[in-house]
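# Chain and residue survey
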Amino acid sequence: MASKHTIATRHAQGIRARFASRFLRSLLRLRRSGNRFGGSQSNDEGIGKRIRTDRIKIAAYAAMARAVGPRRSWSRALLFKLRNRARIHGVSRKRCLVSEKKRVTRNKVVAISREPSRADTLRKLVPGGDSMDTCVLLEETAHYIKCLATQVTVMQSIADRLLL
């Protein structure tokens, strides 16, 4: 019978392999698309690099969420966000770090601000975290961090091989 550590290690290696293959396919697709996204022919090199960086980042997040699949809340939320990104592209939502309550006292409006708790801050960092209770939030955060670490490892190995 395999131990829990052995099963978790095999699972992590599977996610790593799935992420690497999906991410490399996305990078290849970006490369084939040519200079449509602001390559060296762009008038402003800064804008071209920023657009290219954004597309690579989106490809990395999409590959990570697809490698995990719909089993996790954060991956479902990330896939939903990426699917709807084209529809709401250009519309930026600003989030407040401090929520405000308004209290009316004798014709005066006083804003009472409260500091966000650590769980509230964590909810903003994990995709889909705003609809989770604390226990599920902590489990999803642990898995999300593991997947981000895998993402960094794979991207570092790709960059190291490109530099050789």
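Here goes a summary of the coordinates provided. What you see is a predicted model, and the numbers here were worked out from it, not measured in a lab.

Here we take up the pattern of salt bridges. Tallied over the full model, the rule gives two salt bridges. Notably, a salt bridge pairs Arg123 with Asp120, separated by 3.6 Å at the nearest N-O pair. A residue pair is termed a helical-turn pair when its members lie 3 or 4 positions apart in one helix, as Arg123 and Asp120 do in helix H4 (residues 118–125) at three residues. Classification of Arg123 as buried rests on a relative accessible area of 18%. On the accessibility criterion, Asp120 (22% relative accessible area) is partly exposed.

So, on to the packing of H4 against helix H5 (residues 134–163). The N-to-C vectors of H4 and H5 enclose an angle of 45°; their axes lie 11 Å apart at closest approach. Relative to H5, the element H4 lies oblique. Here the hand of the crossing between H4 and H5 comes out left-handed. Contacts between H4 and H5 involve Ala119, Leu122, Arg123 and Leu125 on the former and, on the latter, Thr134, Leu137, Leu138, Thr141 and Tyr144. Here the contact of H4 with H5 is built from residues that sort into six nonpolar, two polar and one charged.

Analysis parameters
Residues numbered from 1 in each chain as written. Predicted model: local features only at pLDDT ≥ 70, side-chain atom pairs only at ≥ 80, totals over all residues. Heavy atoms only, no water. Salt bridge = Lys/Arg side-chain N within 4 Å of Asp/Glu carboxyl O. Helix = DSSP H or I, 4+ residues; strand = E, 2+ residues; numbered from the N terminus. Buried < 20%, exposed > 50% of the residue type's maximum accessible area, 1.4 Å probe, protein only. Axes fitted to C-alpha atoms, helices over the stretch in contact; angles between N-to-C directions. Parallel < 35°, antiparallel > 145°, perpendicular 65-115°, else oblique. Left-handed = near helix turned anticlockwise from the far one by under 90°. Contact = heavy atoms within 4.5 Å. Nonpolar A, V, L, I, M, F, W, Y, C, P; charged D, E, K, R; others polar.

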